[in-house]
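Here is how the chains run, residue by residue.
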Number of protein chains: 2
Amino acid sequence: MEKYISLAHGDGGELSHRLIREIFVEAFGDGNAAMFDAASLNITGSKIAVTTDSFVIKPIFFPGGSIGKLAVAGTVNDLSVSGAMPLYLTCGFVIEEGFSISDLKRIVSDMANEAKKTGVTIVAGDTKVVERGSADGVYINTTGIGIYEQGIGCSLEFEEGDAIVVSGTIGDHGIAVLAARGELGITVPTKSDCASLNQMLSEVLTSTNGVRIMRDPTRGGLATTLVEIAEDFHLTMKINESSLPVKEEVHGVCDLLGFDPLYLANEGKAIIIVANKDKDRVIEILRGFPEGHDAVVIGSIIGKGKGQLLLETPLGSNRLLNRLSGTMFPRIC
Amino acid sequence: MEKYISLAHGDGGELSHRLIREIFVEAFGDGNAAMFDAASLNITGSKIAVTTDSFVIKPIFFPGGSIGKLAVAGTVNDLSVSGAMPLYLTCGFVIEEGFSISDLKRIVSDMANEAKKTGVTIVAGDTKVVERGSADGVYINTTGIGIYEQGIGCSLEFEEGDAIVVSGTIGDHGIAVLAARGELGITVPTKSDCASLNQMLSEVLTSTNGVRIMRDPTRGGLATTLVEIAEDFHLTMKINESSLPVKEEVHGVCDLLGFDPLYLANEGKAIIIVANKDKDRVIEILRGFPEGHDAVVIGSIIGKGKGQLLLETPLGSNRLLNRLSGTMFPRIC
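Residues numbered from 1 in each chain as written. Chains lettered and ligands numbered in written order. Predicted model: local features only at pLDDT ≥ 70, side-chain atom pairs only at ≥ 80, totals over all residues. Heavy atoms only, no water.

Engineer: How should unusual backbone geometry be read in this particular structure?
Structural biologist: Across the junction of K58 of chain A and P59 of chain A, the peptide omega takes the value 0 degrees, indicating a cis bond. With respect to the helices and strands, P59 of chain A occurs in the loop between β2 (47-55) and β3 (61-62). In this model, L156 of chain B sits at a positive phi of 55 degrees, which is unusual for a non-glycine residue. Among the secondary structure elements, L156 of chain B is positioned in the loop between β7 (138-147) and β8 (163-166). Positive phi outside glycine occurs at H234 of chain B, with the angle close to 55 degrees. Relative to the elements of secondary structure, H234 of chain B occurs in the loop between α6 (221-233) and β10 (235-240). According to the relative accessible area criterion, H234 of chain B is partly exposed, its value standing at 46%. (Helix = DSSP H or I, 4+ residues; strand = E, 2+ residues; numbered from the N terminus. Buried < 20%, exposed > 50% of the residue type's maximum accessible area, 1.4 Å probe, protein only.)

See the structure below:
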């Protein structure tokens, strides 16, 4: 195999064929030559979940993960928070001419490992090559297909007093990626939280019937995701600043550089809004998984009708939070 | 709405929200805010087809189509040639900072029109923005989901004497795109053949039971696609050079500049291998559609065991054809 991607790897001819066979089918597949055409899936149950996401993160390797791990975990999580069981993924690569084939192999291997860990199968793929300078290394799209199981899911029915739970510390991914870019001007030990949450969230859903909604607070962070829920379902929510789980070093960087962890991206966290009666059970389940070790209740639904998110500060005053406005960090996922 | 895409359109905050609502949901959707999260699909029948494709074509607008039309038709055709009925599409956009919002609207509108024409629904999407210089305008991934209907499909069982049919003239897309780039140094009147073939191919499949396989000869052209079939199924095929349908102006450009229409990309053509007894019926059906007006038989399967493709020249000699080797044209789809 060559050392670098050339335009000929993308023209559909002999080199494309070898790239698919030697890298993608080798890592993902059962040697099925049809892998990179339309795949045929046997799905039982007629309610299918589908989601798509493109990954353009910079740098492509960062502490705690890579664009490959992220491309699998991110789409698995989108399905999982919707209440679906993830089953299949497709992947579409746009690769820049000159990209290192050993980096590509590492990325594809990260994808294969994460897929194996989560139990999803990569069933179809596509590779395009663009000229040098026309893309930044590699972009990956993953589309996920799952099923909604009868009787298991989020009710989307809310009540005053429902608890807002977050499955762990916030802002880790954002700070880890910015640090890996060298943009902070300081070194931090923080790793990205990049992880697939399907097993943890599946256990939450099958063990309780009080889950109202689940979401993954990625781009825009915890605050933006909660504002979206508040607006979509006309809920007034309040979260307590002092209960927000933030790692000490993330807190330190935010204080120093003026970031707000509420708006930093996460890639391995879930927000779960759950009936008050079930909140302890949910916390217990989450803490049984390494990804949910720091799960806590951070607030509750305090009213209906208006869509707004309030932050109660340690001094007891309430601040209205909006969704992220203006660019904080491009290329974070 | 702004005139140009900024990084803030991609950070998951207020501007991302507006971009999705005002451009994508406006064009594709029923106003459902969930459109850009996981979608829930009701699918009857347990055999699902899935395929994915990224589109990086340059230029993004060309005679006969655009990246938007292509992104829908290309994925619809991948499903259709596999024998599936296309139902749903997802779309993932990677957009360069500074990209014109009016161009984006035009692309999205082309997608919506083509989806409507073909009867597929765009059910989920994603938008990422990368810094100026990090992508070439816009890249689109579409993933398609369809169903295989009981008793309808390609047999993948071949016999000596099976006819090889192509649904129309070859090379139109390749020449039209190269001309639109200004790379030919001459002007040609050729339009891309970019079109969704689902209705035509569905009629072929439901009207005959002799279809062995269908493929769309895109990147790599007719020859590469036929070599792949020959190798995958260990067939010796022969096609007749004099029966290949090539538009006069495409022939002229190829002669002048040394291109081979057998290796030029097509985006609205199908290869159909069919039992000899059914070939006339298939040609009749194809010719009943504007996209199949120039359908002809170009060759046949002459043996089994070895995977090879022969071209019979007008002088009666046989030439062995290989798949495309080396870059002819990057960014053709």
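Having seen the model, we can carry on.
Engineer: Would you mind showing me how to read the pattern of salt bridges here?
Structural biologist: Side chains that differ in sign of charge can pair as their charged atoms come close. With the rule as written, the count across this model stands at 45 salt bridges over all chains. Linking K269 of chain B and D193 of chain B is a salt bridge whose minimum nitrogen-to-oxygen distance equals 3.0 Å. One end of the pair, K269 of chain B, is in the loop between α7 (248-257) and β11 (271-274); the other, D193 of chain B, is in the loop between α4 (172-180) and α5 (198-207), and 76 residues separate them in sequence. This pair shows no difference in class: K269 of chain B is buried, exactly as D193 of chain B is. As a salt-bridge pair, E228 of chain B and R323 of chain B come within 3.6 Å of each other at their nearest N and O atoms. With E228 of chain B in helix α6 and R323 of chain B in the segment after β14 (318-321), this residue pair connects regions lying 95 residues apart in the sequence. As far as burial versus exposure is concerned, E228 of chain B and R323 of chain B are alike and both buried. Salt bridges sharing partners connect three or more residues here, namely E14 of chain A together with R215, E228, E231 and R323 of chain B. (Salt bridge = Lys/Arg side-chain N within 4 Å of Asp/Glu carboxyl O.)

Engineer: Would you mind going over the relation of the copies chain B and chain A with me for this structure?
Structural biologist: For the pair of chain copies, the relating operation is a rotation around an axis with a shift along it. Structural alignment of chain B on chain A gives an RMSD of 0.0 Å, achieved by rotating through 180 degrees and translating 0.0 Å along the axis. Given the turn and translation reported, the copies of this chain are related as if by a two-fold rotation axis. Ranked by how close their C-alpha atoms come to the rotation axis, the residues of chain B are headed by A135 of chain B, at 2.1 Å. (Least-squares fit on C-alpha atoms with pLDDT ≥ 70 in both.)

Engineer: Explanation requested: helix α1 (residues 14-28) of chain B in the structure shown.
Structural biologist: Structurally, the α-helix is built with 3.6 residues per turn, so residues lying three or four positions apart point the same way. Residues and elements named next belong to chain B. Its 15 residues place the ends of α1 20 Å apart at the C-alpha level, agreeing with the 21 Å of an ideal helix rising 1.5 Å per residue. Among the residues of α1, S16, R18, L19, I23, F24, V25 and F28 are the ones counted as buried. On its buried face, α1 sits against β5 (85-96), α3 (101-118) and β6 (121-130). (Expected span 1.5 Å × (residues − 1). Contact = heavy atoms within 4.5 Å.)

Engineer: Would you mind showing me how to read the UniProt feature "domain: PurM-like C-terminal" (unreviewed entry) in chain A here?
Structural biologist: Those residues carrying the UniProt feature "domain: PurM-like C-terminal" (unreviewed entry) are residues 159-309 of chain A in this numbering. Secondary structure content for residues 159-309 of chain A is 34% helix and 20% strand, while the C-alpha to C-alpha distance between its ends is 15 Å. (UniProt positions renumbered as here; feature names shortened; annotations may be inferred.)

Engineer: Help me out: how do you make sense of the environment of S40 of chain B in this one?
Structural biologist: Tracing the backbone through its elements, the reader meets S40 of chain B in strand β1 (residues 39-42). Each C-alpha atom, one on S40 of chain B and one on A176 of chain B, is 39 Å from the other, the two residues being 136 residues apart in sequence. Contact partners of S40 of chain B, with chain neighbours within four places excluded, come to K47, I48 and Y148 of chain A.

Engineer: Would you mind going over the packing of α1 of chain B against α3 of chain B with me for this structure?
Structural biologist: Residues and elements named next belong to chain B. Following both chains from N to C, one finds α1 and α3 inclined at 30 degrees, their axes separated by 8 Å at the closest point. Between α1 and α3, the angle falls in the class roughly parallel. With respect to the hand of their crossing, α1 and α3 are arranged in right-handed fashion. Note on element contacts: α3 touches α1 through I101, L104, K105, V108, M111 and A112, opposite L19, I23, F24, A27 and F28. The residue makeup of the contact of α1 with α3, split by class, is 10 nonpolar, no polar and 1 charged. (Axes fitted to C-alpha atoms, helices over the stretch in contact; angles between N-to-C directions. Parallel < 35°, antiparallel > 145°, perpendicular 65-115°, else oblique. Left-handed = near helix turned anticlockwise from the far one by under 90°. Nonpolar A, V, L, I, M, F, W, Y, C, P; charged D, E, K, R; others polar.)

Engineer: Would you explain the sheet that holds β6 of chain B in this entry?
Structural biologist: Two strands in a sheet stick together by hydrogen bonds in their backbones, pointing the same way (parallel) or opposite ways (antiparallel). The sheet built from 5 strands is open, its strands ordered β1(A)-β2(B)-β7(B)-β5(B)-β6(B) with mixed pairing. Of all strands in the sheet, those with a lone pairing partner are β1 (39-42) of chain A together with β6 of chain B, marking the two edges. Direction aside, neighbouring strands of the sheet carry axes that sit 20 degrees apart on average. Note: β5 of chain B against β7 of chain B, 10 bridges, orientation antiparallel. Of the residues in β7 of chain B, the one forming a bridge with C91 of chain B is T142 of chain B. Set on the sheet, helix α2 (residues 67-81) of chain B makes contact with β2 (47-55), β5 and β7 of chain B; between it and β2 of chain B the angle comes to about 145 degrees. (Pairing = 2+ DSSP bridges.)

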